[in-house]
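# Descriptive analysis of the structure
This is what each chain is made of:
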Amino acid sequence: MLTVTDLHTYYGESHVLQGLSLTAADGTVTAVLGRNGVGKTTLCRSLLGLTPARAGRIVFHGTDITRLPPYRIHELGISLVPQGRRIFPSLTVRENLAIAARAPKRPAGGAGASRAVWDLQRVLSIFPRLAERGGHRGNELSGGEQQMLAIARALVAEPRLLVLDEPTEGLAPVLVAEVAGVIRRLREEGTSILLAEQNAAFAVKVADYAHVMSKGRVVHSTDPVALWNNEEVKTQLLGVPPSGAASPLRREL
Ligand SMILES: Nc1ncnc2c1ncn2[C@@H]1O[C@H](COP(=O)(O)OP(=O)(O)O)[C@@H](O)[C@H]1O
Ligand SMILES: [Mg+2]
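Attention here is on the structure that accompanies the text. (Residues numbered from 1 in each chain as written. Chains lettered and ligands numbered in written order. Predicted model: local features only at pLDDT ≥ 70, side-chain atom pairs only at ≥ 80, totals over all residues. Heavy atoms only, no water.)

Moving on, we get to the pairing of strand S1 (residues 2-11). Examined bridge by bridge, S1 and strand S2 (residues 14-24) share eight bridges and lie antiparallel to one another. Directly across from Tyr11, in S2, lies its bridge partner Ser14. Linking S1 to S2, which pair antiparallel, is a turn of two residues; within it Gly12 sits at a positive phi near 60°. (Pairing = 2+ DSSP bridges. Helix = DSSP H or I, 4+ residues; strand = E, 2+ residues; numbered from the N terminus.)

A word on the sheet that holds strand S7 (residues 161-165). In spatial order, the strands read S6-S7-S8-S3-S9-S10; together these six strands make up an open sheet with mixed pairing. At either end of the open sheet lies a strand with only one pairing partner, and these are strand S6 (78-81) and strand S10 (217-222). Between one strand axis and the next, the sheet turns through 20° on average, direction left out of account. For strand S3 (residues 29-33) and strand S9 (residues 209-214), the ladder comprises four bridges, and the chain directions are parallel. Each bridged residue has a counterpart across the sheet, and for Ala31 the counterpart in S9 is Ala210. Where helix H1 (residues 40-47) meets the sheet, its contacts fall on S3, S6, S7, strand S8 (192-197) and S9, and the angle it forms with S8 comes to roughly 145°. (Axes fitted to C-alpha atoms, helices over the stretch in contact; angles between N-to-C directions. Contact = heavy atoms within 4.5 Å.)

So, about the layout of surface pockets. When its volume is computed, the largest pocket comes out at roughly 530 Å³. Considering the residues around the largest pocket, the lining is formed by 23 residues, among which Ser79, Leu80, Val81, Pro82 and Arg153 are closest to the centre. Counting residues per element, the ones that place at least two in the lining of the largest pocket are H1, helix H2 (70-76), S6, helix H3 (93-101) and helix H6 (143-155). Tallied by class, the residues present in the lining of the largest pocket amount to 15 nonpolar, four polar and four charged. (1 Å grid on protein atoms, 1.4 Å probe; cavity = no way out; pocket = protein on both sides within 12 Å on 5 of 7 lines; lining within 4 Å. Points joined across faces, edges and corners; volume = space filled by probe spheres on them. Nonpolar A, V, L, I, M, F, W, Y, C, P; charged D, E, K, R; others polar.)

The next thing to look at is the coordination of the magnesium ion (ligand 2). Distances from the magnesium ion (ligand 2) to its protein donors, namely Thr41 (OG1) and Gln83 (OE1), fall within the range 2.0 to 2.3 Å. With a gap of 42 residues between them, Thr41 in helix H1 and Gln83 in the loop between S6 and H3 connect regions that are remote in the sequence. The partly exposed category is assigned to Gln83, whose relative accessible area is 25%. (Donors = N, O, S within 2.8 Å, 3.2 Å for Na, K, Ca; no water. Buried < 20%, exposed > 50% of the residue type's maximum accessible area, 1.4 Å probe, protein only.)

Here it is, written out as C-alpha cells:
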C-alpha cells in the first residue's frame, strides 16, 4: 500500500531524513519507532506533503505522491493526526467534526472502495465519550478526550491510511490503554494505520509490524514480538530499560 524509498528531507540546510525506506501493508498497523529527534514527525510531514522530501520516492496505492501538494495527498486518502493533537479549542466537539467532514471526498470505487465508510454516526459509535460531550468546546476536554477528537476528525475524512503521530504523548496510562483499544478497533474495521511512537511498549501491543529509526533512517524492521525480544535494539534504539522490565506482550501471548 505504502512504499517509501530512500527519502531525504531537509529543514533549510539541516538534513533530517537521510535515506529513509520503509513499507506498510494494507489493512495493518505499522509502527515507526525511535527516540526523540530521530525524524518520526518529519517522516509524517513528508508523507503528507507538508515538508516535501528533496529526494527519494513515496508511492501510495500505486501513485507517486512524493511531489504532490498536501490537499492532493489528503484527497488520495492519507489523513494525519498531528503530534500535539491540534483541535479547534473554541469550537464544540460536533463543530470540530463537522468542519473535518467537509473535506473533499474521493470519487467512489477504486482500490479503497471496500473500506469502512466513516460517517459521523459511525465515528461517534467508536468514541462514546465524544458523543456525550458533543456540545463541549475543545478546550473543555481532557487530554485523552482531545486525542480521541483529533483521531475522530481524521476519520470523518474517510482515510485509506491514518497517520498517528505520537498519539499517547502526555496521556495517563488508563488513557493510553483507551487509545490502544481505538487503534485495535479501527484495524478490525479495515483502516490501515501508520503509528509514529516513542512509546515502544505501547506500540508493540497494537502493531503488526515495526520499523525502528535512528538518525533519519530505518535501521531495523521486524515483527513486534521479535522486536521486544531484541534487548540490543530495545535498550540502544528505543530507550527501554534493560531486562527486568515487564513485557507488555506477556498478557497477550
Ligand atoms: N521546523 C524545524 N526546523 C528545523 N529543524 C527541525 C524542525 N522540526 C524538527 N527539526 C529537527 O529535525 C530533527 C527530527 O525532528 P522530528 O522529526 O520532530 O523527530 P521526532 O518526531 O522523531 O522526535 C530534530 O533534530 C529536530 O530538532
Ligand atoms: Mg515527533
